[in-house]
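# Summary of the model geometry
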Amino acid sequence: MDPKLKQLCGLKPRVPWRRFVTSANQHLASQQAFDLLDQLLKYDHHARATAAEAMAHEYFDPVRAALGAQMPADLPSGSSCSSSAMGAPT
């Protein structure tokens, strides 16, 4: 990045995600959560994860496992569901 632009933007050194973990939110903090945040919060949109890539992230494995029995049988594996297909109100 151009040094002048870097100065104008006021870029700061990267802060490890663990510094934001407190006793109140530590039950939500995991390496998978930090990895997902890293992928989603990239400034360069070419390097940033797409919505489909984010949904396929291992952080959501427990959600997919819990919903596995509720998934419509006519969807091929790897397909996304609309909220109405998942039983959510429309």
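Residues numbered from 1 in each chain as written. Predicted model: local features only at pLDDT ≥ 70, side-chain atom pairs only at ≥ 80, totals over all residues. Heavy atoms only, no water.

### What to know about the environment of Asp35
Within the secondary structure layout, Asp35 lies in helix 2 (residues 31-40). Asp35 sits in the partly exposed class, given a relative accessible area of 28%. Remark: the alpha-carbon pair of Asp35 and Glu58, spanning 23 residues in sequence, is separated by 9.5 Å. Engagement of the side chain of Asp35 in a polar contact is seen with the side chain of Gln39, the distance being 2.8 Å. (Helix = DSSP H or I, 4+ residues; strand = E, 2+ residues; numbered from the N terminus. Buried < 20%, exposed > 50% of the residue type's maximum accessible area, 1.4 Å probe, protein only. Polar contact = N/O pair within 3.5 Å; in protein donor to acceptor, adjacent residues only side chain to side chain.)

### Re the packing of aromatic side chains
Considering all chains together, one arrives at two aromatic pairs under this definition. On the numbers, 6.0 Å between centres and 50° between planes, the contact of Trp17 with Phe20 is tilted. A relative accessible area of 24% means that Trp17 is categorised as partly exposed. On the basis of an interplanar angle of 80° and a centroid distance of 5.2 Å, the ring pair of Tyr59 and Phe60 is categorised as edge-to-face. (Phe/Tyr/Trp six-rings, centres within 6.5 Å; stacked < 30°, edge-to-face > 60°.)

### Considering the confidence of the model for the protein chain
Confidence in the prediction for the protein chain averages 79 pLDDT; 73% of positions are at 70 or higher. Between the elements of the protein chain, mean pLDDT differs from a low of 78, seen in helix 1 (residues 3-9), to a high of 95, seen in helix 2. Long-range and interchain partners of residues 78-90, a stretch whose pLDDT sits below 50, account for 11 contacts in this model, where long-range means more than four residues apart. (pLDDT = per-residue confidence, 0-100. Contact = heavy atoms within 4.5 Å.)

### Here's the deal with the pattern of salt bridges
Following the criterion strictly, the structure yields two salt bridges and no others. Among the ionic pairs, Asp38 bridges to Arg14, the shortest N-O distance being 2.7 Å. Of this pair, Asp38 sits in helix 2 while Arg14 sits in the loop between helix 1 and helix 2; the two residues are 24 residues apart in sequence, bridging distant segments of the chain. For Asp38, a relative accessible area of 26% puts it in the partly exposed group. Look at Arg14 and you get exposed, because its relative accessible area is 63%. Between Asp61 and Arg64 there is a salt bridge, and its shortest N-O distance comes to 2.5 Å. On the criterion of helical spacing, the pair formed by Asp61 and Arg64 is a turn pair, its members being three residues apart in helix 4 (residues 61-67). (Salt bridge = Lys/Arg side-chain N within 4 Å of Asp/Glu carboxyl O.)

### Here's the deal with helix 2
Of all the positions in helix 2, only Ala33, Phe34 and Leu36 are classed as buried. What you see down the axis of helix 2 is that its buried residues fit within an arc of 160°, all on one side. Buried residues along helix 2 sit in contact with helix 3 (51-55). (Arc of directions from axis to C-beta.)

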